[in-house]
Amino acid sequence: MYQNRRSTYAGFILVFVAIKVVLNLFAMPHFGFQRDELLHLALGDHLAWGYKEVPPVIAVIAKVSSTLFGDSIFATRVFCTVFAGLIVWFTGLITVELGGRKFAIALACLGIILAPSFVASEYLLQPVIFDQFWWVLTVYLIVKYINSSSVKYLYFIGIAIGLGLLTKYTMGFFAFALVIGLLFTKQRRLLFNKHVLGATFVAVILFIPNVIWQFQHHLPVITHMSTLRKTQLDYIKPSDFISQQLLVNGSFIILWLTGFFFLIFSFKLRKYQFLAFAYVAIFLFLMEMSGKNYYLFGAYPMLFAAGGFGIERWIKNNKYQLRTLTFVVLIIPSLPIFPMLLPILPLNQTLSFFEFNRKYNSFLDFVVIWEDHQKHPTTQDYGDMFGWDEMSKKVADTYNTLTPDQQKRTIIWADNYGEAGAIHHFGKLYNLPDVYSLDSSFTLWTPPSLNPDYIIYIDDDDNVTKRLAPYVQSYKKIGEVDNPLAREKGTTVYLLTKPSRMINYIYQHERAKKLLE
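Residues numbered from 1 in each chain as written. Predicted model: local features only at pLDDT ≥ 70, side-chain atom pairs only at ≥ 80, totals over all residues. Heavy atoms only, no water.

K.L.:
Looking at this model, I keep getting lost on the overall build of the chain. Mind explaining?
P.N.:
Looking only at helices and strands, one finds 26 helices and five strands in the chain. The C-alpha atoms of the chain give a radius of gyration of 25 Å, which matches the 24 Å a tight globule of 517 residues would have. For the chain, the C-alpha atoms occupy an extent of roughly 80 × 55 × 45 Å along the three principal directions. Here the chain holds 517 residues, and the buried ones make up 56% of them. Here the analysis covers contacts within the chain between residues at least 6 apart in sequence; of these, 76% occur between residues at least 24 apart. Accessible area of the chain: about 23000 Å², with a carbon and sulfur share of 63%. Each charge class in the chain can be summarised by its mean position, and for the 46 positive and 36 negative side chains these summaries are 14 Å apart. (Helix = DSSP H or I, 4+ residues; strand = E, 2+ residues; numbered from the N terminus. Rg over C-alpha atoms; globule rule 2.2 N^0.38 Å. Buried < 20%, exposed > 50% of the residue type's maximum accessible area, 1.4 Å probe, protein only. Contact = heavy atoms within 4.5 Å. Areas by Shrake-Rupley, 256 points an atom, 1.4 Å probe, with all protein chains shown as cover. Lys, Arg positive; Asp, Glu negative; His and termini not counted. Charge placed at Lys NZ, Arg CZ, Asp CG, Glu CD.)

Here you go:
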């Protein structure tokens, strides 16, 4: 009966997949690499079962991408674009499994295409988009199992959760939230299926190499989360988290709230009520943990799907005017903010867009407030895409002023992982030696001691003048990042000559400390 009632809307869903992919393709050539992308490309050149800040999947994707397609921005973001399309695809399929038809599918898929949360988070080489994919896939597989009772979907869920944990640890929180949701509904019987143990075993087997790596490296994920909490998360109040969740999807709040209430109260969706309880569980957990707003994004596609179904139930087939009005109400408010979140326009046109909204749509100012809680000309993601090539060129020019013999006794040092990632990536164009840094996972790849005659130092915190100057024979400021749009504006390139033994002592002390974190 299940197979007979299921309609195939594959072609219709693919239309929205194509729209998502094309929009991402338009965004690819504009601006430059983003800070985190440069880190992840470096991780791809140092494959391991774990890193200080993320599990290994993002590194594998970076490595495969660069091996197959090269080192361009386009190559780096190919898999992001593919997975963005897959998220639309599975959102559409979830909608069909819930009983939705074309109108419902269109609403749900448009949510993924136009809601600010997904526009901004689904084009960069970051774990967040792949994390969203595993969440969406897991929901699809659970719903598929409920509709078909085929145990193969339980094992697929185990694979999805295992790979999800290797992508981003938040997958564990979502899996736990789904269990809580099931326990609160009649679908709790699913948890007592003997094959759930088999699926759990599959997930554990997939994830355990990363667990071993974490213990071998003194559980850096704990230190990373502690540092993140102190520097960023402690500033997020529960009220901030709640307000952000009400804002991040823009006008599509209508869609996901409708989906949430339909999952709770609709007789037609009673089999899937656990999804609403799972959303509440993960929402409360992340709010209590002061999580960033994007940690919850992966939970919205299932609500979009249910919302599409609910609105379709309210607006019957013959009410075309109401359906058109629904599209207008959802789509039109999303358009003014779209180029501010996805760089589909060239730089000058994008800046004009920001300026227009600054003058006439001041309620959108929150988009340009960065982690320093100050307003800036663009979003923080955009700010993190400028200045890297300029900085790398100045480092290369400095390196090339040295004789070949001096170059052999020269190292390049970067204060933060973005700078280190930029030199690691762009340095290949200038035949530079690989960069050293004690920030992030770069610490794992540094030698136990240093004894250079020259250090090209990339300084973003006045470390040279405040800390290192007494321990070098001389130092010279070569230049700094001048791009006014760059988050790294003002980052300075120095040439340090004849560092004393104290430099090596400071380095060894800080390196040992970092490796234990």
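K.L.:
Which parts of the structure should I look at to understand the sheet that holds strand S4 (residues 472-480)?
P.N.:
Strands belonging to one sheet form pairs held by backbone hydrogen bonds; the direction of such a pair is parallel or antiparallel. Pairing is mixed in the open sheet, where five strands are placed in the order S2-S1-S3-S5-S4. The open sheet has two edge strands, strand S2 (435-436) and S4, and neither has a second partner. Pairing geometry for strand S1 (residues 410-414) and S2, over two bridges, is parallel. When the bridges of S2 are listed, Ile-412 appears paired with Val-435. (Pairing = 2+ DSSP bridges.)

K.L.:
Any chance you could explain the packing of aromatic side chains here in plain terms?
P.N.:
Aromatic ring pairs are defined here through the distance separating the ring centres and the angle between the ring planes. Taken as a whole and judged by the stated rule, the model has 35 aromatic pairs. Summarising the aromatic geometry, the rings of Phe-33 and Phe-426 are spaced 6.0 Å apart at their centres and angled 75 degrees between planes, so their arrangement reads as edge-to-face. Separated by 393 residues along the polypeptide, Phe-33 in the loop between helix H2 (10-27) and helix H3 (35-44) and Phe-426 in helix H24 (residues 417-430) bring together distant segments of the chain. Summarising the burial analysis for this pair, Phe-33 and Phe-426 share the class buried. Residues Phe-354 and Tyr-382 carry aromatic rings whose centres are separated by 5.9 Å and whose planes lie at 80 degrees to one another, so their mutual orientation is edge-to-face. Linking Phe-354 in helix H20 (residues 347-360) with Tyr-382 in helix H21 (residues 380-383), this pair joins segments that are 28 residues apart in sequence. Owing to a relative accessible area of 5%, Phe-354 belongs among the buried residues under this scheme. Residue classification places Tyr-382 among the buried positions, given a relative accessible area of 1%. (Phe/Tyr/Trp six-rings, centres within 6.5 Å; stacked < 30°, edge-to-face > 60°.)

K.L.:
For this particular structure, what's the right way to read the side chain of Thr-138?
P.N.:
Note that Thr-138 resides in helix H9 (residues 127-148). Judged by its relative accessible area of 0%, Thr-138 falls in the buried class. Here Thr-138 is in contact with Ile-157, Ala-160, Ile-161, Met-171 and Leu-178, once residues within four sequence places are set aside.

K.L.:
Even after reading the chapter, I still don't get the nonpolar core, so can you show me in this structure?
P.N.:
As a rule of thumb, soluble globular proteins bury nonpolar side chains together. With 148 residues, the main nonpolar core has Leu-275, Tyr-279, Leu-296 and Phe-304 as its most contacted residues. In terms of residue count, the dominant contributor to this core is H9 (14 residues). With residues near it in sequence (within four places) discarded, Leu-275 still touches Val-139, Val-143, Leu-178, Leu-263 and Met-302. (Core = buried A, V, L, I, M, F, W, Y, C linked by side-chain atoms within 4.5 Å.)

K.L.:
Can you walk me through a nonpolar patch on the surface in this structure?
P.N.:
A cluster of nonpolar residues, Ile-254, Leu-322, Leu-325, Val-328, Val-329, Ile-332 and Leu-335, forms a patch on the protein surface that exposes about 570 Å² of accessible area. The element that contributes the greatest number of residues to the nonpolar patch is helix H18 (residues 320-331), accounting for four residues. One can find Leu-335 in the loop between H18 and helix H19 (338-341). (Patch = residues over 30% accessible without salt bridge, like charges linked within 9 Å, V, L, I, M, F, W, Y side chains within 5 Å. Salt bridge = Lys/Arg side-chain N within 4 Å of Asp/Glu carboxyl O.)

K.L.:
I'm lost on the pairing of S1 in this one. Help?
P.N.:
Remember that side chains alternate between the two faces of the sheet whenever the strand is regular. Of all five residues in S1, five are buried, a share of seventy percent or more. Burial of the side chains of S1 extends over both faces: Thr-410, Ile-412 and Ala-414 are buried on one face and Ile-411 and Trp-413 on the other. In the sheet, S1 pairs with strand S3 (residues 454-459) via five bridges, with the strands oriented parallel. Opposite Ala-414, over in S3, you have Ile-458 as the bridge partner. For the crossover that starts at S1, traverses H24 and ends in the parallel S2, the hand is right-handed. (Right-handed = clockwise from strand over helix to strand, strands pointing away.)

K.L.:
Would you mind showing me how to read the packing of H2 against helix H7 (residues 102-114) here?
P.N.:
Two numbers describe a pair of packed helices, the interaxial angle and the distance between the axes. At a minimum axis separation of 10 Å, H2 and H7 run at an interaxial angle of 15 degrees. Relative to H7, H2 is oriented roughly parallel. The interaxial crossing formed by H2 with H7 has right-handed handedness. Along its contact with H2, which presents Phe-12, Ile-13, Phe-16, Ile-19, Lys-20 and Leu-23, the element H7 presents Lys-102, Ile-105, Ala-106, Cys-109, Leu-110, Ile-112 and Ile-113. When the residues that make up the contact of H2 with H7 are grouped by side-chain class, the tally is eleven nonpolar, no polar and two charged. (Axes fitted to C-alpha atoms, helices over the stretch in contact; angles between N-to-C directions. Parallel < 35°, antiparallel > 145°, perpendicular 65-115°, else oblique. Left-handed = near helix turned anticlockwise from the far one by under 90°. Nonpolar A, V, L, I, M, F, W, Y, C, P; charged D, E, K, R; others polar.)

K.L.:
Would you mind showing me how to read empty space enclosed by the protein here?
P.N.:
Here the idea is plain: a probe the size of a water molecule rolls over the atoms and shows the empty space left. Applying the stated rule across the entire model yields one cavity of 30 Å³ or more. Of the voids in this model, the largest cavity is the one considered here, and its volume is about 30 Å³. Every residue lining the largest cavity is listed: Lys-20, Leu-23, Asn-24, Ile-113, Phe-118, Val-119, Phe-338 and Leu-342. Breaking the lining of the largest cavity down by element, the ones donating at least two residues are H2 and helix H8 (116-121). With three residues, the single largest contributor to the lining of the largest cavity is H2. Among the residues making up the lining of the largest cavity, the classes are represented as six nonpolar, one polar and one charged. (1 Å grid on protein atoms, 1.4 Å probe; cavity = no way out; pocket = protein on both sides within 12 Å on 5 of 7 lines; lining within 4 Å. Points joined across faces, edges and corners; volume = space filled by probe spheres on them.)

K.L.:
What exactly am I supposed to notice about the side chain of Glu-122 here?
P.N.:
Here Glu-122 is to be found in the loop between H8 and H9. Owing to a relative accessible area of 0%, Glu-122 belongs among the buried residues under this scheme. At a separation of 2.9 Å, a polar atom in the side chain of Glu-122 contacts the side chain of Lys-20. Dropping the residues within four chain positions of it, Glu-122 is found in contact with Lys-20, Asn-24, Cys-80, Ala-84, Ile-87, Ile-112, Ile-129 and Gln-132. (Polar contact = N/O pair within 3.5 Å; in protein donor to acceptor, adjacent residues only side chain to side chain.)

K.L.:
Mind showing me how you'd approach the pattern of salt bridges here?
P.N.:
Between side chains of opposite charge, a pair can form as their charged atoms come close. In this structure the tally under the stated criterion is 21 salt bridges. One salt bridge connects Arg-409 with Asp-453, and the closest N-O pair in it is separated by 2.3 Å. With Arg-409 in the loop between helix H23 (404-408) and S1 and Asp-453 in the loop between S2 and S3, the pair connects residues that are 44 residues apart, well separated along the chain. Residue classification places Arg-409 among the partly exposed positions, given a relative accessible area of 29%. Within this structure, Arg-35, Lys-292, Glu-371, Asp-384, Arg-487 and Glu-488 form a network of salt bridges that share partners.

K.L.:
Would you mind showing me how to read unusual backbone geometry here?
P.N.:
Leaving glycine out, the prevailing phi sign among residues is negative, and the prevailing peptide bond configuration is trans. A positive phi angle is found at Asn-431, which is not glycine, with a value near 55 degrees. By the secondary structure assignment, Asn-431 is in the loop between H24 and S2. Despite not being glycine, Asp-462 has its phi angle at roughly 55 degrees, a positive value. Considering the arrangement of structural elements, one finds Asp-462 in the loop between S3 and helix H25 (463-468).

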